[in-house]
Each structure stands twice: as C-alpha cells, then as structure tokens.
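Structure assessment
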Amino acid sequence: MKRLHVHLAVDDLQKAITFYSTLFAAGPTTTKSDYAKWMLDDPRVNFAISARGGRPGIQHLGIQAEDKTELDEVYERLSRAGAETLEEGETTCCYARSEKSWVADPVGTNWEVFRTMGESTDYGHDLGEAPETAVIANAPHEAGDGGCCTPRAAPRPDGKACCG
C-alpha cells in the first residue's frame, strides 16, 4: 500500500519535533541533528521535517511505494497524465537509500515518487558533491535547499519553469 509523503523545512527542529509529536501522538521514528521523520499509519503518511537552511514551509510532497511493482504503477500513471519526469534513479537522500523520480504538478508543486530500500547514516549528497548518476538533469538546486531532496525546478506539464 502506498503512503503519502510530506517534507517540510523548519527553522527550529526541536520546537517542530515537539509540536508534531504532540499532534501525531507519537515521537519520530527517525531523529538526526537536522532531520526527523514520522512513519504514521493513521493517517498513512511519511511526514518529514528538516532544518538545513531552506525556506520554512512545504519543501515537497510525494508518494512512497512499498515495492518496485507499486513504483512502476505510479510511474505509468504519471506517463499517462503526460507529466515529464526527472528520473533520479537509485540515490541516498534524507538518511535513506531510495529509487526516485520527480515531477511538478500543473501549478509547479514538486512531487517525489519513490521507494525506500534501506537506511543511510548520512543525509545524502548536496549540490556539487553528488555523483554524476544521481544528479537530476535540468533541475538545479537552490543553495541551502536541502540538496538531493529538493530539485528547484522539476518540469511542469505546460513546459514553463515552476520556480523562475
């Protein structure tokens, strides 16, 4: 079963952890010095926050697939919808090993479609440090945006850049 993913940038990680732990009636399943994640079943969501210098607010949304079959199913729906995707492939991001692609909806909101294959001890690559195979073509990152987890400009279906 797929899971909705929400990633917020925050400027005070501890204050945000306290707030969301109270809201969800559960502590995070993963906590790092710059990141926290809740894997909730009610509601079924992968909710993550990070304090990595990005502008506070919604960083991106996503759909997390349980396995390769589900991931391929979502990729097929994106293709039928005519969405241009940026395939990142296998990468390390947000303390996890994942396979992922990016797409922007008609108003420019970035969506990550991915499956997680395991944990990582580091956040992942940042701009300039990414191995060539993990860099998203045509989607530069903004300085301080969280690196691998936030392409600045996933392609929009209408061909216009979402972030100027």
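Residues numbered from 1 in each chain as written. Predicted model: local features only at pLDDT ≥ 70, side-chain atom pairs only at ≥ 80, totals over all residues. Heavy atoms only, no water.

Description of the environment of A26
As for its placement among the helices and strands, A26 is situated in the loop between α1 (13–24) and β2 (30–32). In this structure A26 comes out as partly exposed when scored by relative accessible area, which is 27%. Linking A26 and L40, residues 14 residues apart in sequence, is a C-alpha distance of 8.6 Å. In this structure, A26 is in contact with Y20, S21 and W38, ignoring residues within four places of it in sequence. (Helix = DSSP H or I, 4+ residues; strand = E, 2+ residues; numbered from the N terminus. Buried < 20%, exposed > 50% of the residue type's maximum accessible area, 1.4 Å probe, protein only. Contact = heavy atoms within 4.5 Å.)

Things to note about empty space enclosed by the protein
With the rule as written, the count across this model stands at 1 cavity of 30 Å³ or more. The computed volume of the largest cavity comes to approximately 100 Å³. What lines the largest cavity is a set of 13 residues, among which Y35, C93, C94, A96 and F114 lie closest to the centre. Of all the secondary structure elements, the ones that give two or more residues to the lining of the largest cavity are β3 (35–41), β7 (96–104) and β8 (110–119). The residue makeup of the lining of the largest cavity, split by class, is 5 nonpolar, 5 polar and 3 charged. (1 Å grid on protein atoms, 1.4 Å probe; cavity = no way out; pocket = protein on both sides within 12 Å on 5 of 7 lines; lining within 4 Å. Points joined across faces, edges and corners; volume = space filled by probe spheres on them. Nonpolar A, V, L, I, M, F, W, Y, C, P; charged D, E, K, R; others polar.)

What to know about the confidence of the model for the chain
Here the chain averages 77 in pLDDT, and 73% of its residues register 70 or above. Low confidence marks residues 126–147, where pLDDT is under 50. Its contacts with residues over four positions away, or in another chain, come to 39 contacts. Note on residues 152–164: pLDDT is under 50 here. Beyond four places in sequence and across chains, it has 32 contacts. (pLDDT = per-residue confidence, 0-100.)

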